Amino acid sequence: MSSFRAENALSNAGEPNQMACENEGKRLVAYFSMEIALENSMPSYSGGLGVLAGDTIRAAADLRLPMVAVCLLYRKGYFSQRLAEDGTQTEEPVEWRVEDFLQEESARVTISVENRRVELRCWRYDAVGVRGFEVPIYFLDADLPSNAAVDRGLTGSLYGGDSYYRLCQEVLLGIGGVRMLRALGHDSLTRYHMNEGHAALLSLELLEAEAAKAGRTTIRAEDIENVRCKCVFTTHTPVPAGHDRFPMEYLTRVFPSQTGLFDLKDASAADLVKRVLQAEQAYPDLQQAARAGTSVNMTYLALSLSKYVNGVAKQHGETSRQMFPGVHIEAITNGVHAGTWTAPAFRQLFDRYIPTWREDNYSLRGALGLPPEEVWASHLIAKHELLEVVRQKSGLKFDPGKFTIGFARRATGYKRADLILADLDRLRQIAKNAGPFQIVYAGKAHPHDTGGKAIIKHIFQAKKALRKAVPVVFLDDYNMDLGGKITAGVDLWLNTPQFPLEASGTSGMKAAVNGVPSLSILDGWWSEGHIEGVTGWAIGEARRSTPGLVTDNAADAESLYTKLEHIIVPMYYNERARYLNVMQHAIAINGSFFNTQRMVHQYITDAYMR
């Protein structure tokens, strides 16, 4: 891409970014995500994908990357969590005023859905970087009087409705998003980055535009190659069920007049359709494919039309290559936005001793030179802030002198939030022999995830059984603010996913920038960030993803208990200087690397400049 030059993309911290200056007013990269989380009081997201997207955009603004972002606007779908005495979760919808956070743009675009005209507007939010550079985010909105009632609701709720509703949402995001960017004057875009397969349909809009430029109405090989050179795809999901598939009949229903879009006499176009449908045979037209009961795999659509594809950790890249054999998939490990997730006490500490840390997160490697007593003092401030939240939410007075373990993630089966509770007698023994400890939990279960809700109830049962021997609290209404308080305020971050189902796992990275070491399964990012006894500790041994791999919950629990009883808790109470040394290494090694500034730099050099 001629617009990008390496010497411009990677400017030194504190110096003007020549790439941004030369392209003043022009945006070169379009980042598409189904959800983007920007402010806790702006509940337009569901979970980790949206939080990662928000962190990515903040880092792009810090680095003055000429990027623009697109997602859908959701007025509903986000919920407040309420927990009964036994841990039963109920959900209450959250209402918010769009006008309080976003600025409406005047541009309008239309899309044809089932031959109905659907009008889209957008709302703008500017993410401002540490040097004042802005990355605009456009939230697409179909709730307009000109639209039919069924279409007005398409941008109403994240993950709402049935699979056909979901497909229509992805039509608005991908096709509507590209059209909106054109209407807003973003005509210099050279890369389209799809964050998961939800935005894969943008490739169809780009293909149609390429064919139109050549004076054709059907797509051929040269169109496919031109679009492929523009697209980047990041996959996040390590299980097949997490990848969107829609019956071909749904697409012919949404686009009844587009069934002849691909020139199936062209070998490349026919091969593309065959791969996206994962079909054994070629079909003479899309209507015939629909009648045969085929399905469109959005991930295969994105894979087939992207020049660069990546997983979100080295281990996840390997898992993804096994899922999609024959596809070249690289890996760029996720990060977190350090300026956002660092607690106020640590921000002040870093500002005093590492003044460039906000502009250049890599300078956090200097944390090894911080006065240990000031690191501990900053940690105690964050810990007291968390325990005050515990008191306010639960009425429990946790002891700030006790070793505190944190676990706060979406409540779902593979994350195994209750693994540490597998043997309550063993927990009592550890507390008696090694030293007292307490556990802080938080996490929402998806309203339809009965297994996740059962895990929360199990934690409440264990809490009651353990009583004062090992105090346990489960804080309700998990959100970005509460998550930040927990990752900064505990003494140890616990992560127990079922291998190899952790794509990345950014919660431990948020803990690391606050000097909180991890005790974790060697999966996701921890396979890279773990140095035993230096940045934290591993549960179990390193392993490889192989077909038929069986998870040994008992062995994982035993490893967890052994590390707590014989290494971690005794070190915390009896060798505080050593524990502080681990805390400082968590910042210096993991905090300085596992951040979105480094991540976006890698996207620039590996994906956007290719």
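Let me sum up the structure you'll find in this document. These numbers come from a predicted model, not from an experiment. (Residues numbered from 1 in each chain as written. Predicted model: local features only at pLDDT ≥ 70, side-chain atom pairs only at ≥ 80, totals over all residues. Heavy atoms only, no water.)

Scanning the model with the defined rule gives 20 aromatic pairs in all. The interplanar angle of 70 degrees and the centroid separation of 4.8 Å between the aromatic rings of W525 and F594 together place this pair among those described as edge-to-face. Taken together, the residues span a long stretch of sequence, with W525 in the loop between strand 19 (518–521) and helix 20 (526–529) and F594 in the loop between helix 22 (576–591) and helix 23 (596–608) at a distance of 69 residues. Look at F594 and you get buried, because its relative accessible area is 4%. Within the aromatic cluster, the residues linked to one another by ring pairs are W376, F403, W537, Y572, Y573 and Y579. Over the aromatic face of Y78 sits the side chain of K444, whose NZ or CZ is 4.2 Å from the ring centroid. (Phe/Tyr/Trp six-rings, centres within 6.5 Å; stacked < 30°, edge-to-face > 60°. Helix = DSSP H or I, 4+ residues; strand = E, 2+ residues; numbered from the N terminus. Buried < 20%, exposed > 50% of the residue type's maximum accessible area, 1.4 Å probe, protein only. Lys NZ or Arg CZ within 6 Å of the ring centre and 35° of its normal.)

Under the criterion given, the structure shown has 46 salt bridges. For D151, the salt bridge goes to R116, with nearest N and O atoms at 2.8 Å. Here R116 lies in strand 7 (residues 116–128) and D151 lies in helix 4 (residues 149–152), a separation of 35 residues in the sequence. Overall, the relative accessible area of 1% leaves D151 in the buried class. The partner of R416 in a salt bridge is D556, with the nearest N and O atoms 2.9 Å apart. A residue pair is termed long-range when its members are at least 10 positions apart, and R416 in the loop between strand 15 (403–408) and helix 16 (424–433) and D556 in helix 21 (residues 553–574) qualify at 140 residues. (Salt bridge = Lys/Arg side-chain N within 4 Å of Asp/Glu carboxyl O.)

Tallied over the entire structure, the rule returns zero disulfides. No disulfide involves C122; its nearest neighbouring cysteine sulfur is the one of C71, lying 11 Å away. Just so you know, C231 is unpaired, no disulfide at all, and the nearest cysteine sulfur is the one on C229, 9.5 Å from it. (Disulfide = S-S within 2.5 Å.)

Relative to the helices and strands, S295 is located in strand 12 (residues 295–297). Every residue in contact with S295, bar those within four places of it in the chain, is listed here: R245, F246, P247, M248, V276 and L277. (Contact = heavy atoms within 4.5 Å.)

In this section: the packing of helix 15 (residues 372–394) against helix 22. Contact pair helix 15 / helix 22: the axes reach a minimum separation of 10 Å and the direction vectors enclose 80 degrees. Of the possible angle classes, the one that applies to helix 15 and helix 22 is roughly perpendicular. Of the residues in helix 22, those touching helix 15 at P372, V375, W376 and H379 are R576, L580, M583 and Q584. A class-by-class count of the residues in the contact of helix 15 with helix 22 yields five nonpolar, two polar and one charged. (Axes fitted to C-alpha atoms, helices over the stretch in contact; angles between N-to-C directions. Parallel < 35°, antiparallel > 145°, perpendicular 65-115°, else oblique. Nonpolar A, V, L, I, M, F, W, Y, C, P; charged D, E, K, R; others polar.)

Here the focus is the sheet that holds strand 19. Sheet architecture is open: six strands sit in the order 17-16-15-18-19-20, paired in parallel fashion. The open sheet is flanked by strand 17 (472–475) and strand 20 (536–539), the only strands paired with a single partner. With strand direction ignored, the average angle separating the axes of adjacent strands in the sheet is 20 degrees. By the bridge criterion, six bridges tie strand 15 to strand 16 (residues 437–442) in an arrangement that is parallel. Across the sheet, F403 pairs through a bridge with F437, a residue of strand 16. Running over the sheet, helix 17 (residues 450–466) touches strand 16 and strand 17 and is turned about 150 degrees from strand 17. (Pairing = 2+ DSSP bridges.)

On to the nonpolar core. With 75 residues, the main nonpolar core has F32, L167, Y192, L202 and F262 as its most contacted residues. The greatest single-element share of this core, amounting to 11 residues, is contributed by helix 5 (residues 163–183). Excluding residues that lie within four positions of it along the chain, F32 makes contacts with V70, L173, G174, G177, V178, L181, Y192, H193, M194, N195, A199 and L202. Counting 74 residues, the second-largest nonpolar core is a separate cluster that includes F346, A417, Y441 and V472. (Core = buried A, V, L, I, M, F, W, Y, C linked by side-chain atoms within 4.5 Å.)

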